[in-house]
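# Per-entry structural report
Okay, here's what each chain looks like letter by letter:
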Amino acid sequence: MKRRSMYKISYRIISVIIFAAVAIIAGAVTKHAEKKITIERPDMEQIKKEVNDPTSKYYYPKLMKMYEQNETIMNLDQYRHLYLGTIFQEDYNPYRHNHRSESVRNLYYKENHTRAELDSIINYAEEALSDDPFDLTQMNFLIFALQGRGKKNRAAIWQYRLNHLLEAIISTGTGTDTDNAWFVINPRHEYNIINFQNTIAEKQEFVEPYFDYIRIKKTGDKQPDGYFFNIKNILEEYNRKFPE
């Protein structure tokens, strides 16, 4: 299987802003222990069949419509199908990148923001999310800026979405070995999962035949040295669409 190079953009601690809400957001990554979320390795072939079947309750356009309507009754199973089923949509491209992010990058390094700057962050984040609905980094920025502007209800809606998308990822495994690797639809989400645990990624390695391994900076003896991510379907779909 052909291996595509991953983004080399750093998703460690790029600024205060990316972690301003981390105390809340990181809870979604560890809260599965409290909520007793069932860890279940996804059957990707079954998910592909269901999200592309118009008669299925998991039909992708149906789930996306619920998601966009700010539906808060969507359960974890529906979020799993929505998130993982994205891979099997024709417009899917895990390496798509909105280069406009460079134009607002300087704002991410500031500790204090004016109203105008928060509005700029909101506008860019909304634009980025219209292109990539599951850009977890931009969701975090959007939540931060909305909270800063006092738009609590909108921030809560996006917080709900982000928390449930993170839970959808962590419900796919434990990340501790290749048999229990987390499934992601975008290589950048690997760093999101690491960062939202308040942990710093130190090095990324590719492990044959289709795993990414993120080595972390350990802060305790009980922490693993790193985490595994299953990117089999990412590579398959990318190579199918872009065989060159």
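The structure reproduced in this document is the subject of the present report. Because the structure is a prediction, the values reported are computed rather than measured.

The next subject is unusual backbone geometry. Of the consecutive residues E208 and P209, the connecting peptide bond is found in the cis state with omega at 0 degrees. As for its placement among the helices and strands, P209 is situated in the loop between β2 (201–207) and β3 (211–216). Unlike most non-glycine residues, N198 shows phi in positive territory, near 65 degrees. Within the secondary structure, N198 sits in the loop between α10 (188–195) and β2. When its relative accessible area of 58% is taken as the criterion, N198 is described as exposed.

With that out of the way, let us pick up the layout of surface pockets. In this structure, the largest pocket encloses a volume near 260 Å³. Along its surface, the largest pocket is lined by 17 residues, and T86, D91, R96, D132 and P133 are the ones closest to its centre. Looking at the lining of the largest pocket, the elements that each hand over two or more residues are α4 (60–68) and α10. Counted by class, the lining of the largest pocket contains 7 nonpolar, 5 polar and 5 charged residues.

We now examine the packing of aromatic side chains. By the definition in use, this model includes 9 aromatic pairs. Taken together, a centroid distance of 4.5 Å and an interplanar angle of 40 degrees make the contact between Y213 and F228 tilted. Here Y213 is found in strand β3, whereas its partner F228 is found in strand β4 (residues 226–230), with 15 residues between them in sequence. Among the aromatic residues, those joined into a cluster by ring pairs are Y67, Y79, Y83 and F134. When the ring centre of Y67 is taken as reference, the NZ or CZ atom of R161 above it lies at 4.6 Å.

Time to look at the packing of helix α3 (residues 44–51) against helix α5 (residues 76–85). A pair of packed helices is captured by two measures, namely the crossing angle of their axes and the spacing between those axes. At a minimum axis separation of 10 Å, α3 and α5 run at an interaxial angle of 90 degrees. Judged by the inter-axis angle, α3 sits roughly perpendicular to α5. Between α3, through M44, I47, E50 and V51, and α5, the contact on the second element is made entirely by H81, L84 and G85. A per-class count over the contact of α3 with α5 returns 4 nonpolar, 2 polar and 1 charged.

Along the chain, N230 falls in strand β4. By relative accessible area, which is 3% here, N230 ends up buried. Within polar-contact distance, the side chain of N230 engages the backbone nitrogen of K232 at 3.0 Å. Ignoring anything within four residues of it in the chain, the contact list for N230 reads R41, A181, W182, F183, V184, Y210 and F211.

Rules behind the numbers
- Residues numbered from 1 in each chain as written.
- Predicted model: local features only at pLDDT ≥ 70, side-chain atom pairs only at ≥ 80, totals over all residues.
- Heavy atoms only, no water.
- Helix = DSSP H or I, 4+ residues; strand = E, 2+ residues; numbered from the N terminus.
- Buried < 20%, exposed > 50% of the residue type's maximum accessible area, 1.4 Å probe, protein only.
- 1 Å grid on protein atoms, 1.4 Å probe; cavity = no way out; pocket = protein on both sides within 12 Å on 5 of 7 lines; lining within 4 Å.
- Points joined across faces, edges and corners; volume = space filled by probe spheres on them.
- Nonpolar A, V, L, I, M, F, W, Y, C, P; charged D, E, K, R; others polar.
- Phe/Tyr/Trp six-rings, centres within 6.5 Å; stacked < 30°, edge-to-face > 60°.
- Lys NZ or Arg CZ within 6 Å of the ring centre and 35° of its normal.
- Axes fitted to C-alpha atoms, helices over the stretch in contact; angles between N-to-C directions.
- Parallel < 35°, antiparallel > 145°, perpendicular 65-115°, else oblique.
- Contact = heavy atoms within 4.5 Å.
- Polar contact = N/O pair within 3.5 Å; in protein donor to acceptor, adjacent residues only side chain to side chain.

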